Amino acid sequence: MTIHIGAEKGQIAKTVLMPGDPLRAKWAAETFLTDPVCVNEVRGMLGFTGTWRGNRVTIHGSGMGMPSLSIYANELIRDYGAQTLIRIGSCGAMQSDVHLRDVILAMTASTLSTPSRGIFRELNYAPCADWSLLSAAARAAEARGTGLHVGGIYSSDVFYDERPDLNEEMTRHGILAVEMEAAELYTVAARHGRRALAVLTVSDHLLTGAALEAPERQSGFAEMVEIALEAAFPGA
Ligand code: HPA
């Protein structure tokens, strides 16, 4: 047990999928895993461990934003030995050729965020995905004909953003989309020599204001879970 995770040692798998929403973790575990067992419910942050095609997997919520994700990623890595962490979540598109429901694999995640600022000070560290996971996820997405983009994203500290000028600069510099967790996941994983990736579905579009309805969000989420599992266990 840790401060924020009630699981016993050994109840967390080496591979962890991390949706932001704990109820999404429950849904994904019940939908995709064999014999899922609830291993955490501290503060309502749900985690489940089961198997997928014979491989042990934990699906654990991260909460919203980098400070929340950082707590769970640190404890999963340091106290439970998680080796592979894949964020599955939604994002807002920042390029006109990125469409609702497309999947984005975040090769890098730019951020202004404070957890990493404190460490890096004047260094503009570039949080980046694990190549083996990124390439396996790209193959999995291509095999299913998903609209796919691989490139840089922006991990914001705020959903209700007051810096339209900064968003414009990011669009101008090719940033594909905005979300709120990947940069910290990549940074914590790198610090501990673990593998990380963010697989994101475009749920809304910053340039057009378009947004997915709830049923489309759900099917987009299901597709991400499958891509993440196939990336974690290629050939399984
Ligand atoms: N901003 C931040 N995070 C998001 C967004 C957004 O527009 N859409 C989905 N996650």
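Remember, it's a predicted structure, so these values are computed and weren't measured experimentally. (Residues numbered from 1 in each chain as written. Predicted model: local features only at pLDDT ≥ 70, side-chain atom pairs only at ≥ 80, totals over all residues. Heavy atoms only, no water.)

A word on the side chain of Glu179
Argument step 1. In this fold, Glu179 is placed in strand 8 (residues 177-179).
Argument step 2. Overall, Glu179 belongs to the buried group, its relative accessible area being 3%.
Argument step 3. At a separation of 2.7 Å, a polar atom in the side chain of Glu179 contacts the side chain of Arg87. (Helix = DSSP H or I, 4+ residues; strand = E, 2+ residues; numbered from the N terminus. Buried < 20%, exposed > 50% of the residue type's maximum accessible area, 1.4 Å probe, protein only. Polar contact = N/O pair within 3.5 Å; in protein donor to acceptor, adjacent residues only side chain to side chain.)

Considerations on helix 7 (residues 214-232)
Argument step 1. Under the 1.5 Å per step criterion, the end-to-end length of helix 7 is 27 Å for 19 residues, consistent within 8% with the ideal 27 Å.
Argument step 2. Taken as a whole, helix 7 has its buried residues at Gly220, Phe221, Ala222, Glu223, Met224, Val225, Ile227, Ala228, Leu229, Ala231 and Ala232. (Expected span 1.5 Å × (residues − 1).)

A short note on the pairing of strand 6 (residues 103-111)
Argument step 1. Sheet topology note: the strand 6/strand 7 (residues 148-155) ladder contains eight bridges and is parallel. Across the sheet, residue Thr111 finds its bridge partner in strand 7, namely Ser155. (Pairing = 2+ DSSP bridges.)

Structural notes on the pattern of salt bridges
Argument step 1. For the structure on display, the rule yields nine salt bridges.
Argument step 2. A salt bridge links Asp130 to Arg195; the nearest nitrogen and oxygen atoms lie 3.9 Å apart. In this pair, Asp130 is assigned in the loop between helix 3 (114-120) and helix 4 (131-143) and Arg195 in strand 9 (residues 195-205), connecting sequence segments 65 residues apart.
Argument step 3. Under the relative-accessibility criterion, Arg195 is labelled partly exposed at 26%.
Argument step 4. The network of salt bridges with common partners includes Arg87, Glu179 and Glu181. (Salt bridge = Lys/Arg side-chain N within 4 Å of Asp/Glu carboxyl O.)

Some thoughts on the packing of helix 1 (residues 22-32) against helix 7
Argument step 1. Relative to each other, helix 1 and helix 7 sit at 65°, their axes nearing to 11 Å. As helix 1 runs across helix 7, the sense of the crossing is right-handed. Counted together, Arg24, Trp27, Ala28 and Phe32 of helix 1 and Arg217, Gln218, Phe221, Ala222, Val225, Glu226 and Leu229 of helix 7 form the full contact between these two elements.
Argument step 2. Across the contact of helix 1 with helix 7, the residue classes tally to seven nonpolar, one polar and three charged. (Axes fitted to C-alpha atoms, helices over the stretch in contact; angles between N-to-C directions. Left-handed = near helix turned anticlockwise from the far one by under 90°. Contact = heavy atoms within 4.5 Å. Nonpolar A, V, L, I, M, F, W, Y, C, P; charged D, E, K, R; others polar.)

Some remarks on the packing of aromatic side chains
Argument step 1. Within this structure, the stated rule accounts for five aromatic pairs.
Argument step 2. Consider the rings of Trp27 and Phe221, whose centres lie 5.8 Å apart with planes at 55°: the pair is tilted. Here Trp27, found in helix 1, pairs with Phe221, found in helix 7; they are 194 residues apart in sequence, far enough to count as distant.
Argument step 3. Taking the relative accessible area as the measure of exposure, Trp27 reaches 27% and is therefore partly exposed.
Argument step 4. Among the residues examined, Phe221 registers a relative accessible area of 3% and is labelled buried.
Argument step 5. With centroids separated by 4.3 Å and ring planes inclined at 15°, the aromatic side chains of Phe120 and Tyr125 adopt a geometry described as stacked.
Argument step 6. Overall, Tyr125 belongs to the partly exposed group, its relative accessible area being 32%.
Argument step 7. Three or more aromatic residues joined by ring pairs make a cluster, and in this case those are Trp27, Phe32 and Phe221.
Argument step 8. Looking at Lys9, its charged tip hangs above the ring of Tyr80, at a distance of 5.6 Å from the centre. (Phe/Tyr/Trp six-rings, centres within 6.5 Å; stacked < 30°, edge-to-face > 60°. Lys NZ or Arg CZ within 6 Å of the ring centre and 35° of its normal.)

Regarding the site of the ligand
Argument step 1. Around the ligand, the structure places Ser90, Cys91, Gly92, Phe159, Val178, Glu179, Met180, Ser203, Asp204 and Leu206.
Argument step 2. Gly92 has a polar backbone atom sitting 3.4 Å from a nitrogen atom of the ligand.
Argument step 3. Contacts to the ligand include Asp204, whose side-chain N or O atom sits 2.9 Å from a nitrogen atom.
Argument step 4. Contact with the protein chains removes 88% of the 260 Å² of surface that the ligand exposes when unbound.
Argument step 5. For the shell around the ligand, the secondary-structure elements that each account for two or more residues are strand 5 (84-93), strand 8 and strand 9.
Argument step 6. Considering each element in turn, the shell around the ligand owes the most residues, three residues, to strand 5.
Argument step 7. Tallied by class, residues from the shell around the ligand come to five nonpolar, three polar and two charged. (Near = heavy atom within 4 Å. Areas by Shrake-Rupley, 256 points an atom, 1.4 Å probe, with all protein chains shown as cover.)

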